[in-house]
Amino acid sequence: METILPAYNDPLFSIFLMLFLAGITVIVTYAWRLYQERKEKEHLLKFLEKFESAECALDTEGMPFEAHMFKPLTLLAKAFENSGEYHKAINIYLYILRHITEDMAKTQLLERLGKTYLHAGFLERARSIYIEILRKEPQNVNVLYELGIVYEMMHEYDKAREVIEPLNTLNKETYSLSKFLEFSSLSHSKTLSIEEKIIQLQALLKEAPKLYRQIVNTLLKLDTTIAWQTIDPERIEEVIDILWFLPNSQLDLDIITTNKRLSTLYYAKGYLQKPHLKSGIFAVDMLAVARENGFEEGDLLFSYLCKQCKQSFPVSFTRCPNCMAIHSVEVEEEIAKARPKTDYSLF
């Protein structure tokens, strides 16, 4: 036997043994990687089956896929998403995900798909997508933020706050977001009394002045007197639309008549008879001057600009409908002709 097998102290045998073990390790590792990739692909396909829908407007069944189609299809899906045709965008994203193999591209497309579901209002589907991404990438900051938005929109504020914890671990700034969630939870609470809500809202305003617009609006629904005590005449621009549309019954004339800016606003509105012409807001001052000169058909028309993405919307928002930013609304006013009042007594 000694003539057949080399001795253990033979250098060539040692080298051969090391190469043999290294080869076995490489083969096993490669086979394991193939197995993992296959299992991951099967998991992804099974996961995507949950989102198949007969409502999709594009028929991709049986359509062959080639690598060069990836970029044009993603651009087409993005165009559909931007135009609000979410079902078409979703169908294309699902089609691409079933055919590509690169992990990074899959993650990016899943993020895109989750965001599309979020904008389309399919919150449960968006939540499932984001949790699937975090299963592989638990430190994906964008996905963590958007998962928090989903929970917030579902009014699951405790879960939304749980998402903040890993963001804190990643050293991301979360104070504004935390206070925003605190306000959202407080304003939607069904267990707190009106008095408790008011006390907590006043305390929250001191901690987070950026919530001024939302807190004033909420206080006006809870207690008009306290709301007017909270209104800062130097910050009228932030709540001008809210003040403009208040009915006579919710006005505090004692506070209004002692402040030039508020007096001008409500003189321009037609609620005060004594002329006041200086609010520091161009459209309001022009309306006040016009009213003093006998033109009483003027009104204010409002639009709402997101300071972050620069998109404009006809209705107010707490989160930008486009980029989902908080504390980004900027009220823009312009002079318009007053709409004629309808006499409902005729109907």
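Keep in mind the model is a prediction, meaning the values are calculated, not measured. (Residues numbered from 1 in each chain as written. Predicted model: local features only at pLDDT ≥ 70, side-chain atom pairs only at ≥ 80, totals over all residues. Heavy atoms only, no water.)

(A) Looking closely at the overall build of the protein chain. Counting secondary structure elements, the protein chain contains 15 helices and three strands. The 347 residues of the protein chain split such that 38% are buried. In the protein chain, the share of contacts with a sequence separation of at least 24, taken over all contacts with a separation of at least 6, comes to 49%. A total accessible area of about 21,200 Å² is found for the protein chain, and carbon and sulfur atoms account for 56% of it. (Helix = DSSP H or I, 4+ residues; strand = E, 2+ residues; numbered from the N terminus. Buried < 20%, exposed > 50% of the residue type's maximum accessible area, 1.4 Å probe, protein only. Contact = heavy atoms within 4.5 Å. Areas by Shrake-Rupley, 256 points an atom, 1.4 Å probe, with all protein chains shown as cover.)

(B) Summary view of unusual backbone geometry. Despite not being glycine, Asn-171 shows a phi value in the positive range, around 60 degrees. Judged by relative accessible area, which is 71%, Asn-171 ranks as exposed. Its identity is not glycine, yet Lys-310 carries a phi of approximately 70 degrees, on the positive side. Within the secondary structure, Lys-310 sits in the loop between strand S1 (298-306) and strand S2 (312-313). When its relative accessible area of 55% is taken as the criterion, Lys-310 is described as exposed.

(C) Region of the structure containing helix H5 (residues 123-136). For H5, with 14 residues, the first-to-last C-alpha span of 21 Å sits near the 20 Å given by 1.5 Å per residue. All buried positions along H5 are accounted for by Leu-123, Ala-126, Ser-128, Ile-129, Tyr-130, Glu-132, Ile-133 and Leu-134. (Expected span 1.5 Å × (residues − 1).)

(D) Seen up close, the pattern of salt bridges. Using the criterion set out here, one finds 13 salt bridges in the structure. With its nearest N and O atoms 2.8 Å apart, the salt bridge here joins Asp-241 to Arg-213. Within this pair, whereas Asp-241 is found in helix H12 (residues 236-244), its partner Arg-213 is found in helix H10 (residues 212-222), the two being separated by 28 residues in sequence. Residue Asp-241 is classed as buried on the basis of its relative accessible area of 4%. (Salt bridge = Lys/Arg side-chain N within 4 Å of Asp/Glu carboxyl O.)

(E) Main features of the packing of helix H14 (residues 260-269) against helix H15 (residues 282-292). Contact pair H14 / H15: the axes reach a minimum separation of 8 Å and the direction vectors enclose 55 degrees. As far as their axial angle goes, H15 and H14 are oblique. Pair H14 / H15 crosses with left-handed handedness. Of H15, the residues touching H14 (which contributes Thr-264, Leu-265, Tyr-267, Ala-268 and Lys-269) are Val-284, Asp-285, Leu-287, Ala-288, Arg-291 and Glu-292. The residue inventory of the contact of H14 with H15, partitioned by class, reads six nonpolar, one polar and four charged. (Axes fitted to C-alpha atoms, helices over the stretch in contact; angles between N-to-C directions. Parallel < 35°, antiparallel > 145°, perpendicular 65-115°, else oblique. Left-handed = near helix turned anticlockwise from the far one by under 90°. Nonpolar A, V, L, I, M, F, W, Y, C, P; charged D, E, K, R; others polar.)

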